[in-house]
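Survey of secondary and tertiary structure
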Amino acid sequence: MHIDLFNSYFGQSSPHPLIGVGDLARADASIFTPTDFGMYCVVLMDVNFGQLTKDGNEITYQPGTLFSLRPGQEVALTRDHGVEPRGMILAFRPELLQKTGLGRDFYMFRFFFYDVLEAIELTRIERNIVMNCFSNLIAELNTPRDYMSDQLLRLGIGQLLSYVKRFYERQFSDIARSSSSVVDRLAHIVDNYLSSGLPAQKGQPTVAWCAAEFNLSPNYFGDLVKRELHITAQEYIHQKIITAACRLLKTTTLSVNEIAEELGFTYPNHFTRMFTRRVGLSPMRYRHGSHDAG
């Protein structure tokens, strides 16, 4: 979708070819039909005015909910005609990221790869901050363009995205405080899986599998784990696999190949390499020594 088409939904001109900000209260009803904007979007839903779906999945949201979209994702809303739409949407073309500071820093904004289920329920103060960012972008878009316009618009978008990142961090903290057992539950889930015999049938536990156990997307789950444990989710799983391997080497007579199969390795030499790299000893040397691990 081009910015001209995006702005046409709101009956407004296109002062910039790559950036648009729309007020959902002014939106044409056709914007709520299944739409892939083909752009990066930040959406503030300021009132619940219908059933929201993303990529065909129904989403529950509250007033003051903020979520993001990336190119290729389809969003739609079945209107509740008894409630007037209220909210804001920022859209910008991927070309805005090319050879710019915003593009260089864009790797930080991983929330574009979260599911809408993992949107942010903003506090009153956070909502005010977001609305101020939207207002600043609208003001700059409506200012006659000069040599500073593009720079100020990219800075304004970067500021909004940085706040969104901060608010996700706050939400991670809230989750950790309200459910201090997240790490314990993860350990329980992975340990149970590794000792269940399932790895030999279905393979090793993956980040995606663990995330599904928490009803989270892999990216959101990965960020939550990294914030709490200061290692990646994949690294955590590997640590658990090595701990399980050490236990099997010390307490069973299974061969190294049998242990590799038990833990979901397709090729025993992959297990041996991982074990040796992490423990500093081969599996057989570890078995015949008196060393402990993780």
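Residues numbered from 1 in each chain as written. Predicted model: local features only at pLDDT ≥ 70, side-chain atom pairs only at ≥ 80, totals over all residues. Heavy atoms only, no water.

Residue D55 is not a glycine yet carries a positive backbone phi of 50°. Relative to the helices and strands, D55 resides in the loop between β3 (50-54) and β4 (57-59). For D55, a relative accessible area of 42% translates into the label partly exposed. The backbone phi angle of H230 is positive, close to 65°, even though this residue is not glycine. Among the structural elements, H230 can be located in the loop between α8 (218-229) and α9 (233-251). Overall, H230 belongs to the exposed group, its relative accessible area being 65%. (Helix = DSSP H or I, 4+ residues; strand = E, 2+ residues; numbered from the N terminus. Buried < 20%, exposed > 50% of the residue type's maximum accessible area, 1.4 Å probe, protein only.)

Once that is clear, we can look at the packing of α9 against helix α11 (residues 268-279). Between α9 and α11, the shortest axis-to-axis distance is 11 Å and the interhelical angle comes to 95°. Considering their axes alone, α9 and α11 lie roughly perpendicular with respect to each other. Taking contact as the criterion, the partners of E235, H238, I242, A245, C246 and L249 in α9 are, on α11, F271, M274, F275, R278 and V279. Taken together, the residues that form the contact of α9 with α11 break down as eight nonpolar, one polar and two charged. (Axes fitted to C-alpha atoms, helices over the stretch in contact; angles between N-to-C directions. Parallel < 35°, antiparallel > 145°, perpendicular 65-115°, else oblique. Contact = heavy atoms within 4.5 Å. Nonpolar A, V, L, I, M, F, W, Y, C, P; charged D, E, K, R; others polar.)

For the rest of this paragraph, the subject is the sheet that holds strand β2 (residues 40-45). What the five strands build is an open sheet, ordered β1-β7-β2-β5-β8; its pairing is antiparallel. One side of each edge strand has no neighbouring strand; the edge strands of this open sheet are β1 (19-23) and β8 (120-121). One ladder, built from two bridges, connects strand β5 (residues 65-69) with β8; its direction is antiparallel. Each bridged residue has a counterpart across the sheet, and for T65 the counterpart in β8 is E121. Running at roughly 55° to strand β7 (residues 87-92), helix α3 (residues 124-141) makes contact with β1, β2, β5, β7 and β8 of the sheet. (Pairing = 2+ DSSP bridges.)

A cluster of acidic side chains, namely D36, D55, E74 and D115, defines a negative patch on the protein surface. Position of D36 among the secondary structure elements: in the loop between β1 and β2. (Patch = residues over 30% accessible without salt bridge, like charges linked within 9 Å, V, L, I, M, F, W, Y side chains within 5 Å. Areas by Shrake-Rupley, 256 points an atom, 1.4 Å probe, with all protein chains shown as cover. Salt bridge = Lys/Arg side-chain N within 4 Å of Asp/Glu carboxyl O. Lys, Arg positive; Asp, Glu negative; His and termini not counted. Charge placed at Lys NZ, Arg CZ, Asp CG, Glu CD.)

Take α8 next. Working note: α-helix, 3.6 residues per turn, so residues spaced by three or four point in the same direction. Spanning twelve residues, α8 covers 16 Å between terminal C-alpha atoms, matching the ideal 16 Å at 1.5 Å per step. Of all the positions in α8, only Y220, F221, G222, D223, L224 and V225 are classed as buried. With its phi angle positive at about 65°, H230 sits one or two positions after the end of α8. (Expected span 1.5 Å × (residues − 1).)

In this section: the side chain of S149. With respect to the element layout, S149 can be found in helix α4 (residues 149-178). Among the polar contacts made by the side chain of S149, one reaches the main-chain amide nitrogen of D146 at a distance of 2.8 Å. Apart from residues lying up to four places away in sequence, S149 is in contact with E140 and P144. (Polar contact = N/O pair within 3.5 Å; in protein donor to acceptor, adjacent residues only side chain to side chain.)

The next subject is the sheet that holds strand β6 (residues 75-79). The three strands are arranged β4-β3-β6 in an open sheet whose pairing can be described as antiparallel. The strands lining the two open edges of the sheet, one partner per strand, are β4 and β6. Adjacent strand axes in the sheet meet at a mean angle of 30°, parallel and antiparallel pairs treated alike.

In this model, α3 (18 residues) spans 26 Å end to end at C-alpha, consistent with the 26 Å of a helix rising 1.5 Å per residue. Taken together, the buried positions of α3 are E126, V130, C133, F134, L137, E140 and L141. One side of α3 holds all its buried residues, which, seen down the axis, span an arc of 130°. Exposed side chains of α3 directed beyond 90 degrees from the buried face belong to R124 and I125. (Arc of directions from axis to C-beta.)

What follows concerns the packing of aromatic side chains. Ring pairs (aromatic) are described by centroid distance and by the angle formed between their planes. For the structure on display, the rule yields 22 aromatic pairs. Between the aromatic rings of Y168 and Y220, the centroid separation amounts to 6.2 Å while the plane-to-plane angle is 70°, which identifies the pairing as edge-to-face. With Y168 in helix α4 and Y220 in helix α8, this pair connects stretches of sequence that are 52 residues apart. For the pair shown, Y168 and Y220 are each scored as buried. Of the aromatic side chains, those joined through ring pairs into one cluster are Y40, F92, F106, F109, F111, F112, Y114, Y168 and Y220. Sitting over the ring of F214, R185 keeps its end group 4.3 Å from the ring centre. (Phe/Tyr/Trp six-rings, centres within 6.5 Å; stacked < 30°, edge-to-face > 60°. Lys NZ or Arg CZ within 6 Å of the ring centre and 35° of its normal.)

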